[in-house]
Amino acid sequence: MLDVLANLGGWWLGIFKRLGRGFIFLLQTLAGLPGLFLRPGLVIKQLYSVGVLSLMIILVSGWFVGMVLGLQFFITLSRFGAESALSVTVDLTLLRELGPVVSALLFAGRAGSALTAEIGLMKTTEQLSGMEMMAVDPVHRVIAPRFLAGIISMPVLAVLFSVVGVFSAYFVGVGLLGVDSGSFWSQMQSSVDWREDAVNGIIKSVVFGFVVTWIAVFEGYDALPTSEGVGRATTRTVVHGSLAVLSLDFILTSMMFGEI
Amino acid sequence: MKTTRTQEIWVGLFVALGFAALFILAMKMSNFASYKATDVYRITVLFENIGGLKPRSPVTVSGVRVGRVESIDYDPNELQAKVVLAIENGYNFFPVDTQASIYTSGLLGEQYIALEPGAEDEMMKEGGRIRHSQSALVLEELVGQVLVNLTSK
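Residues numbered from 1 in each chain as written. Chains lettered and ligands numbered in written order. Predicted model: local features only at pLDDT ≥ 70, side-chain atom pairs only at ≥ 80, totals over all residues. Heavy atoms only, no water.

1. Concerning helix α3 (residues 55–79) of chain A
Think of an α-helix as turning once every 3.6 residues; residues three or four places apart then point the same way. Between its terminal C-alpha atoms α3 of chain A stretches 36 Å, which fits the 36 Å expected from 25 residues at 1.5 Å a residue. Those residues of α3 of chain A that sit buried are L55, I58, S61, G62, G66, M67, L69, G70, F74 and L77 of chain A. On its buried face, α3 of chain A sits against α2 (40–51), α4 (86–124) and α6 (138–176) of chain A together with α1 (5–27) of chain B. Just past α3 of chain A, the residue G81 of chain A takes up positive phi, approximately 65°. (Helix = DSSP H or I, 4+ residues; strand = E, 2+ residues; numbered from the N terminus. Expected span 1.5 Å × (residues − 1). Buried < 20%, exposed > 50% of the residue type's maximum accessible area, 1.4 Å probe, protein only. Contact = heavy atoms within 4.5 Å.)

Spelled out as C-alpha cells, the structure:
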C-alpha cells in the first residue's frame, strides 16, 4: 500500500522535475538567442533543414486538405443553395484553425522528430560534452539556432499551407464544380477580416512553433544517451508536441474568437 | 559550420515564398486592401431596431459602398439604438434630410445600411445626424403580422 503511494508521489515528482528542467532549459536557450546575430550562418543552416525540407509535406498536404474542404463544403452548402459561401467557409477554416494546427502537427512529425533525433544522437555520441570540453556552450551553439529556426519556419509554413489550401479549393470549387470565380474572391475579401482572422491565425502558428520546437529540442537534449533513449525521446516529441498543439489551440481559440 | 551556397539560396527562396504567401493572404484572401486609411466623417443615426447590423457593416447609397458602420450603441435618453457611420470624405453630398434604412442582402445575407439622399440644399457634415431612419425588418414581426391578418378575418 505504502509502495503504491510512494510510486505515485515519485511519478508526480518526476513530472515536475522534467517540467522544471524544461523551463530552465528554455531560459538558457532564450539567453543564447542574442548571440546568434553574430553567427547568422548557424540559423540559415537550420532554417534549411527545419523549414525548407518541410516545404514538400506542407504544400502537398495543404493542397489536398484544401481540395477536400472545397468538395465537402460544396456538397453541404449546395443543399441550401449557398455555394457562393464556399470560399468564405474554406478560407476561414484554413486561416483560423486548419492552417496553423495541421501544419504544426505535420511540423512536429517532420521537423520536430528530426531535431530530437539529431540532438539526442549528438548527446549519445558525446559531441555535446565534447563541445563543453572546448568551452563552447552546446545550448548556445546547437540548441539556440534550431530553436530560432523552428519559430521562424512555423508561421511561414502555416501561411503557405493556408494559401495553397485556398487555391486548391478554388481549383475544385471554380474549376470542377462551377462556382463563380468573381464571387469566390469577392465574398472572401468582404467577409474575412485581416486583423481578426488572418493575424490571429499567424499568432497561433508562432505559438505552436515555439512550443513544438521547445519540446523537440528539450527532448533531444534530455534524452537518455542510448539508442533506445533517443528512440523514446523522438516518440515523445511527436506525442507531446501534437497534444500540446491541440490543447493550446483550444485555449487560443477561446481567447481569440470567443466572446469579443 | 559553413553554409553551402545552395542552402542559402533555398532559405532565401523559402523566406521569399513566405512573404509572397503573406501578400496573397492580405490582398486576395482578406479585407486588408479595404483598410486603406481614407479620411472619413462621422454621422449618427438612431434606429428603433438594428436587427443583425454589426460594426464594419457596409454603408451604401444606390448600392455603392460609401463607408462603414463604425460603432453601435444604445442611447438611454432616446431609448433607441445609436449607430455611428463613417463616410468617406469623397462622398460629402448628402443633404440633411437623407434617410437611412437597414436592409438585408439576399434573404439571409448580412445586413447593411442604405442611404437615400433627400432634397435639402444644406449638406451633412462631421457630427451630423440623420433624422429619418427605417429599422431592420425582423422576420418574426413580419410573420406575426401576417398571422394576425390571416386570423382576424
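2. Section: empty space enclosed by the protein
Evaluated as defined, the whole model comprises 1 cavity of 30 Å³ or more. Contributing to the lining of the largest cavity are L95, P100, A158, V159, S162, A198, G201, I202 and S205 of chain A together with L25 of chain B. Those elements giving two or more residues to the lining of the largest cavity turn out to be α4, α6 and α8 (194–222) of chain A. Here the lining of the largest cavity takes 4 residues from α8 of chain A, the largest share from any one element. Considered class by class, the residues forming the lining of the largest cavity number 7 nonpolar, 3 polar and no charged. (1 Å grid on protein atoms, 1.4 Å probe; cavity = no way out; pocket = protein on both sides within 12 Å on 5 of 7 lines; lining within 4 Å. Points joined across faces, edges and corners; volume = space filled by probe spheres on them. Nonpolar A, V, L, I, M, F, W, Y, C, P; charged D, E, K, R; others polar.)

3. A closer look at the domain arrangement of chain B
When the domains of chain B are assigned, the result is domain 1 (1–35) and domain 2 (37–139). A C-alpha centroid distance of 40 Å is found between domain 1 of chain B and domain 2 of chain B. (Domains from an automatic or database assignment.)

4. What to know about the environment of I15 of chain A
Structurally, I15 of chain A is set in helix α1 (residues 2–32). Expressed as a C-alpha distance, the spacing of I15 of chain A and M131 of chain A, which sit 116 residues apart in the sequence, is 29 Å.

5. Brief notes about the interface of chain A and chain B
Counting residues at the interface gives 30 residues for chain A and 23 residues for chain B. Around 2600 Å² of area is buried between chain A and chain B when both sides are counted, 77% of it from carbon and sulfur atoms. The tally of links between chain A and chain B comes to 0 salt bridges. Of all elements in the fold, only α2, α4, α6, α7 (181–191) and α8 of chain A reach the threshold of two or more residues within the side of chain A that touches chain B. Counting residues per element, the side of chain A that touches chain B draws most heavily on α6 of chain A, which supplies 10 residues. Within the side of chain A that touches chain B, the residues separate by chemical class into 20 nonpolar, 5 polar and 5 charged. (Buried area = accessible area lost by both parts, 1.4 Å probe. Salt bridge = Lys/Arg side-chain N within 4 Å of Asp/Glu carboxyl O.)

6. Observations concerning the sheet that holds strand β1 (residues 40–47) of chain B
Residue and element names in this part refer to chain B. Strand order in the open sheet made by the 8 strands is β7-β1-β4-β3-β2-β6-β5-β8, with mixed pairing throughout. Looking at the sheet topology across the chains shown, the edges are occupied by β7 (128–130) and β8 (132–134). Ignoring which end each strand starts from, the neighbouring axes of this sheet average 30° apart. Relative to β8, strand β5 (residues 99–104) is paired through 3 bridges, and the arrangement is parallel. (Pairing = 2+ DSSP bridges. Axes fitted to C-alpha atoms, helices over the stretch in contact; angles between N-to-C directions.)

7. Some thoughts on the nonpolar core
Counting 69 residues, the largest nonpolar core has L25 and M29 of chain B as the members making the most contacts within it. No other element matches α6 of chain A, which puts 18 residues into this core. M29 of chain B has contacts with D91, L95, S162, V163, V166, W185, M188 and V192 of chain A together with I24 of chain B, leaving out every residue within four places of it along the chain. Within the second largest apolar cluster, 22 residues are counted, among which are A81, V83, F94 and A100 of chain B. (Core = buried A, V, L, I, M, F, W, Y, C linked by side-chain atoms within 4.5 Å.)

8. Side note on the packing of aromatic side chains
In this description, an aromatic ring pair is defined by two values, namely the gap between the centres and the angle between the planes. Residue and element names in this part refer to chain A. Here the structure, examined in full by the defined rule, presents 14 aromatic pairs over all chains. Both rings, one in F25 and one in F218, keep their centres 5.5 Å apart while their planes meet at 50°; by these two values the pair is tilted. Remark: F218 occurs in helix α8 and F25 occurs in helix α1; sequence separation between them is 193 residues. With a relative accessible area of 3%, F25 lands in the buried category. Pairwise contacts between aromatic rings join F167, Y170, F184 and W185 into one cluster. (Phe/Tyr/Trp six-rings, centres within 6.5 Å; stacked < 30°, edge-to-face > 60°.)

9. Quick look at the side chain of S54 of chain A
Here S54 of chain A is to be found in the loop between α2 and α3. When sequence neighbours within four positions are dropped, the list of residues in contact with S54 of chain A reads R110, A111 and L157 of chain A.

10. Notes on the pattern of salt bridges
Residue and element names in this part refer to chain A. Under the defined criterion, the tally for this structure stands at 11 salt bridges over all chains. Put simply, D222 and R18 hold a salt bridge, and the shortest N to O gap is 2.8 Å. Taken together, the residues span a long stretch of sequence, with D222 in helix α8 and R18 in helix α1 at a distance of 204 residues. Where salt bridges share partners, they join R18, R21, E219, D222 and R236 into one cluster.

11. Points about α1 of chain A
Residue and element names in this part refer to chain A. If you check α1, its first and last C-alpha atoms are 44 Å apart, about what 31 residues at 1.5 Å a residue would give, namely 45 Å. Considered for burial, the residues of α1 that qualify are G22, F25, L26, T29 and G32. Where the residues of α1 are buried, they touch α6 and α8.

12. Quick word on unusual backbone geometry
Phi is positive for A135 of chain A, close to 60°, though the residue is something other than glycine. Within the element layout of this structure, A135 of chain A appears in the loop between α5 (127–133) and α6. With a relative accessible area of 72%, A135 of chain A lands in the exposed category. In this structure, L79 of chain B is a non-glycine residue whose phi angle is positive, near 55°. If you trace the backbone, L79 of chain B turns up in the loop between β3 (64–75) and β4 (80–88).

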